[in-house]
Each structure stands twice: as C-alpha cells, then as structure tokens.
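Coordinate analysis (summary)
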Amino acid sequence: MRLRLLLILAAFILAACGQSEPPAKGEAGPPGPAGPPGPAGPPGASSGTNGPTINVIARACEQTACGASCAENEQILNAYALNPGGVISFIDQRNVTFRPKERPTVLVLACIGK
C-alpha cells in the first residue's frame, strides 16, 4: 500500500519536472512601413431620386384617438409617440391609430417608398 502511494507521488513529481513558466514578453518594436493600398470597393447604392426615400410625418394628438397615414405609394417603416404612453395600432401597411394615455402628445410616422 505504501509502495503504491510512493509510486503515485513519484509520478506526480516527475510529471511536474521540466515545466516552467513561459518567458516574459519584451518591449514592442517600432511599427513597420505601410502596406500597399487595397483594391477599390464596389460602387455604392444609388441615392436620391433612384433609391427609396423616408418620409416622416408628425401629427399633434389632443384627442382620445388620432390617426396617420402614409402616401399611396408608401408603407409604414416605424411609428412612435413623443411624450410616450398609449397604444399604437397598425391598421394596415399604410395606416395607424394612436390612443394616448396623456394629452397633448405627438404621433410620429415614418414611411418608406414601395
């Protein structure tokens, strides 16, 4: 029994021999020269009249329920209330209604072209 314990202890001691901590890193050298310029990227998406535009509509709401609509060729991107608190209901892709908890407030509707 003691011999077995002595052999296990010797195995652990021998396994730990030869292991040391890695050497500490030295100071960093000066930066190298700049590399060659990379290739040109692909052309960007067109903007202005060719790309979709975002139309923002802000409606004052002083009633118990208010509504806002996007134009015929637009759809809703987002709707939120300034001075929040209330329920925004999306009727369809173009129309929302808003029932504020407190009045006055402002209903903001962001529309994007289809």
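Quick note: structure is the one above.
The following paragraphs examine the structure supplied in this document.

What counts, and at which threshold
Numbers given to residues run from 1 along each chain, matching the order in which its sequence is written. Local features in a predicted model are, by the rule used here, given only for residues with pLDDT of at least 70; side-chain atom pairs are given and counted only at 80 or more, and totals for whole chains, interfaces and linings are based on all residues. Note that water and hydrogens are dropped before the side-chain values are worked out from all heavy atoms of the structure. Strands are runs of DSSP state E lasting at least two residues, helices are runs of H or I lasting at least four, and both sets are numbered from the N terminus onward. Residue burial is assigned from relative accessible area. The probe radius is 1.4 Å, only protein chains are included, and a residue is buried under 20% of its type maximum, exposed over 50%, and partly exposed in between. A contact between two residues is defined here by any heavy atoms of the two lying within 4.5 Å. Strand pairing follows a simple DSSP-based rule, namely that at least 2 bridges must link the two strands. Under this scheme, a helix contributes an axis fitted over its contacting stretch, all axes are lines through C-alpha atoms, and angles between N-to-C directions fall in the 0 to 180 degree range.

**Description of the environment of Arg-99**
The residue Arg-99 is located in strand β5 (residues 95-100) in this model. We classify Arg-99 as partly exposed; its relative accessible area is 48%. Taking the C-alpha atoms as reference, Arg-99 lies 5.8 Å from Thr-64; in sequence the two are 35 residues apart. For Arg-99, the residues in contact, after removing those within four places along its chain, are Thr-64, Ala-65, Gly-86 and Val-87.

**A word on unusual backbone geometry**
In this chain, Arg-103 is followed by Pro-104 through a cis amide linkage whose omega measures 0 degrees. Following the sequence through the fold, Pro-104 ends up in the loop between β5 and β6 (105-113).

**Structural notes on the sheet that holds strand β4 (residues 86-90)**
The sheet built from three strands is open, its strands ordered β2-β5-β4 with antiparallel pairing. If you trace the sheet from one side to the other, it starts and ends with β2 (66-69) and β4, each paired once. Each neighbouring strand pair of the sheet contributes to a mean axis angle of 20 degrees, computed without reference to strand direction. Looking at chain direction, β4 and β5 are connected through five bridges and run antiparallel. When the bridges of β5 are listed, Gly-86 appears paired with Pro-100.

**Considering the sheet that holds strand β3 (residues 74-82)**
Across the sheet, which stays open at both edges, the three strands sit in the order β1-β6-β3 with antiparallel pairing between neighbours. On the outer flanks of this sheet lie β1 (54-61) and β3, each paired with one strand and no other. Pairs of neighbouring strands in the sheet enclose a mean axial angle of 20 degrees, with direction left out of account. Sheet topology note: the β1/β6 ladder contains eight bridges and is antiparallel. Bridging across to β6, Asn-55 finds its partner in Cys-111.

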